[in-house]
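Structural characterization, general
Here is what each chain is made of, one letter per residue.
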Amino acid sequence: MRWVSAVGVVVTWVAKEIESPGAWLTTVTGRICLDLLRSARARRERYVGVWLPDPLPDRTEWEHAARGVHAAGPADPVGPARPADPADQIVLDESVGMALLVVLESMTPAERVAFVLHDVFRYPFAEIADVLGRSSGACKQLAASARRRAGAARAPEPTAERAEVVRHVRQAWESKDIAALVGLLDPGAVMTADGGGVVGAVLHPVEGGARIAQYMVAIADRAPGLELLERSVNGAPGPVARRDGVVMTVAAFDVTDGHVTRVWAIRNPEKLRPWASTRSVGN
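Conventions used here
Residues numbered from 1 in each chain as written. Predicted model: local features only at pLDDT ≥ 70, side-chain atom pairs only at ≥ 80, totals over all residues. Heavy atoms only, no water. Salt bridge = Lys/Arg side-chain N within 4 Å of Asp/Glu carboxyl O. Helix = DSSP H or I, 4+ residues; strand = E, 2+ residues; numbered from the N terminus. Buried < 20%, exposed > 50% of the residue type's maximum accessible area, 1.4 Å probe, protein only. Pairing = 2+ DSSP bridges. Contact = heavy atoms within 4.5 Å. Axes fitted to C-alpha atoms, helices over the stretch in contact; angles between N-to-C directions. pLDDT = per-residue confidence, 0-100. Expected span 1.5 Å × (residues − 1). Arc of directions from axis to C-beta. Core = buried A, V, L, I, M, F, W, Y, C linked by side-chain atoms within 4.5 Å. Parallel < 35°, antiparallel > 145°, perpendicular 65-115°, else oblique. Nonpolar A, V, L, I, M, F, W, Y, C, P; charged D, E, K, R; others polar.

What about the pattern of salt bridges?
Evaluated as defined, the whole model comprises 10 salt bridges. Of the charged contacts, one joins Asp194 and Lys271 as a salt bridge, the two residues approaching to 2.5 Å between their closest N and O atoms. Pair noted here: Asp194 is in strand β1 (residues 185-194) and Lys271 is in the segment after β6 (259-266), with a separation of 77 residues, a long-range link. One exposure class covers both Asp194 and Lys271, and it is buried. Of the charged contacts in the structure, one is a salt bridge between Arg242 and Glu227, with a shortest N-O distance of 3.0 Å. Of this pair, Arg242 sits in strand β4 (residues 236-243) while Glu227 is found in strand β3 (residues 226-233), placing the two residues 15 residues apart along the sequence. The network of salt bridges with common partners includes Arg167, Arg170, Glu174 and Glu230.

Here it is in structure tokens:
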């Protein structure tokens, strides 16, 4: 709304010279997004280590916690307090999981724009062609390619089941039970960490449930005072590591048939800024 109000005069002026102000605005916005995606892609080529999407806390959960309405302890059930505002509930229900975010980042900028505009917002390919400066047929191919990539992100398991897995992982980690962790991790599980070259993090994915379990326990041994909390990460249950009241790592899990298949661990402090407000929240 702020952006619209800022350019409202321009939009009104141009609207007198174009047949469809809505289509014009879609084209302009789409091209701006395309330029931003290309710029971001170039910056990530210079990024140290693996780049992962930002982990987002559940705003309602932490606001309720700060007011003492929902001060969950590490062993409390995962899940944010239900927002009273229906609009907030819609935002929560439409949260994009980390698995899909990672898939979106694997798309080319053109694929992503074609996919989002057509498959999400239902724009016809004729209008998408104007945004991308390509033919309708080429845009169809871009959307189809993006759709195949998106198919790799399986539908997430129900929140209750995922929350239970997160809870069991926390308990096994606290007791440094490698065998229990191995049992919770899929044998082919992969863990990817993002430190951005600012803090320590593995530069290459850790593959295999056993290796990931050993890595997790090694972290517990090297970081006394580190606590693992169960929180909402991008709208899904996930573990958050905190030390001396400061969030050090936020992780997201992909769970299939009760086992963790993917672990995305974000440690880059720049990406953990939204979690800074959780410092004053009780355990």
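Having put the structure on the table, let's press on.
A closer look at the pairing of strand β5 (residues 246-256)
With 8 of 11 residues buried, β5 is to be regarded as a mostly interior element. Pairing between β4 and β5: 4 bridges, direction antiparallel. Across the sheet, the residue bridging to Ala241 is Thr249, located in β5. Taken together, β4 and the strand that follows it, β5, pair antiparallel across an intervening segment of 2 residues, in which Asp244 is found at a positive phi of about 55°.

A look at the sheet that holds β5
Taking strand neighbours across the sheet as the criterion, the 6 strands line up as β2-β1-β6-β5-β4-β3 in an open arrangement whose pairing is mixed. On the outer flanks of this sheet lie β2 (206-207) and β3, each paired with one strand and no other. Pairing of β1 with β2 involves 2 bridges; the strand directions are antiparallel. Residue pairing across strands places Met191 opposite Val206, the latter belonging to β2. Against the sheet, helix α6 (residues 98-106) engages β5 and β6, with an angle of about 65° to β6. Contacts from helix α12 (residues 209-222) reach β1, β2 and β3 within the one sheet, and its direction differs from that of β1 by about 50°.

As for the confidence of the model for the protein chain
Mean pLDDT over the protein chain works out to 80, with 76% of the residues at or above the 70 mark. Here residues 1-13 is a poorly scored stretch, pLDDT under 50, and it has 4 contacts once near neighbours within four places are set aside; other chains count. Across residues 279-283, where pLDDT falls below 50, the model places 15 contacts with residues more than four positions away in sequence or in other chains.

Description of α12
The first and last C-alpha atoms of α12 sit 20 Å apart over 14 residues, in line with the 20 Å expected at 1.5 Å per residue. Among the residues of α12, those classed as buried are Gly209, Ile212, Ala213, Met216, Val217 and Ala220. Down the axis of α12, the buried side of the element spans an arc of 130°, and every buried residue falls inside it. Exposed residues on α12 whose side chains face more than 90 degrees from its buried face are Arg211 and Arg222. Looking at the buried positions of α12, the neighbouring elements they touch are α10 (159-174), α11 (178-184), β1 and β2.

Overview of α10
Turn by turn, an α-helix covers 3.6 residues, leaving residues three or four places apart pointing in a common direction. The terminal C-alpha atoms of α10, which comprises 16 residues, lie 22 Å apart, in line with the 22 Å expected from a rise of 1.5 Å per residue. What α10 keeps buried is the set Arg162, Ala163, Val165, Val166, Val169, Arg170, Ala172 and Trp173. Buried residues in α10 make contact with α11, α12, β3, β4, β5 and β6. Lys176 sits one or two residues past α10 and shows a positive phi near 55°.

Observations concerning the nonpolar core
By size, the foremost hydrophobic cluster in this structure holds 25 residues, and its most contacted members are Val169, Leu181, Ile212, Phe253 and Val260. Only α10, α11, β1, α12, β3, β5 and β6 provide two or more residues apiece to this core. Contacts of Val260, omitting those with residues within four sequence positions, involve Val165, Val169, Leu184, Leu185, Asp186, Ala189, Phe253, Asp254 and Val255. Grouped together as the second largest cluster of nonpolar side chains are 13 residues, Leu34, Ala129, Cys139 and Leu142 included.

Section: the packing of helix α8 (residues 125-132) against helix α9 (residues 136-150)
Between α8 and α9, the shortest axis-to-axis distance is 8 Å and the interhelical angle comes to 95°. Relative to α9, α8 is oriented roughly perpendicular. Counting all contacts with α8, which are made through Phe125, Ala126, Ile128, Ala129 and Leu132, the residues of α9 involved are Ser136, Cys139, Lys140, Leu142 and Ala143.

Remarks on the packing of helix α7 (residues 109-120) against α9
When two helices pack together, their arrangement is given by the angle between the helix axes and by the axis-to-axis distance. Where α7 meets α9, the closest approach of the two axes is 8 Å, and the angle between their N-to-C directions is 90°. On the basis of the axis angle, α7 is roughly perpendicular to α9. Of the residues in α9, those touching α7 at Ala110, Glu111, Ala114, Phe115, His118 and Asp119 are Cys139, Leu142, Ala143, Ser145, Ala146, Arg147, Arg149 and Ala150. Among the residues making up the contact of α7 with α9, the classes are represented as 8 nonpolar, 2 polar and 4 charged.

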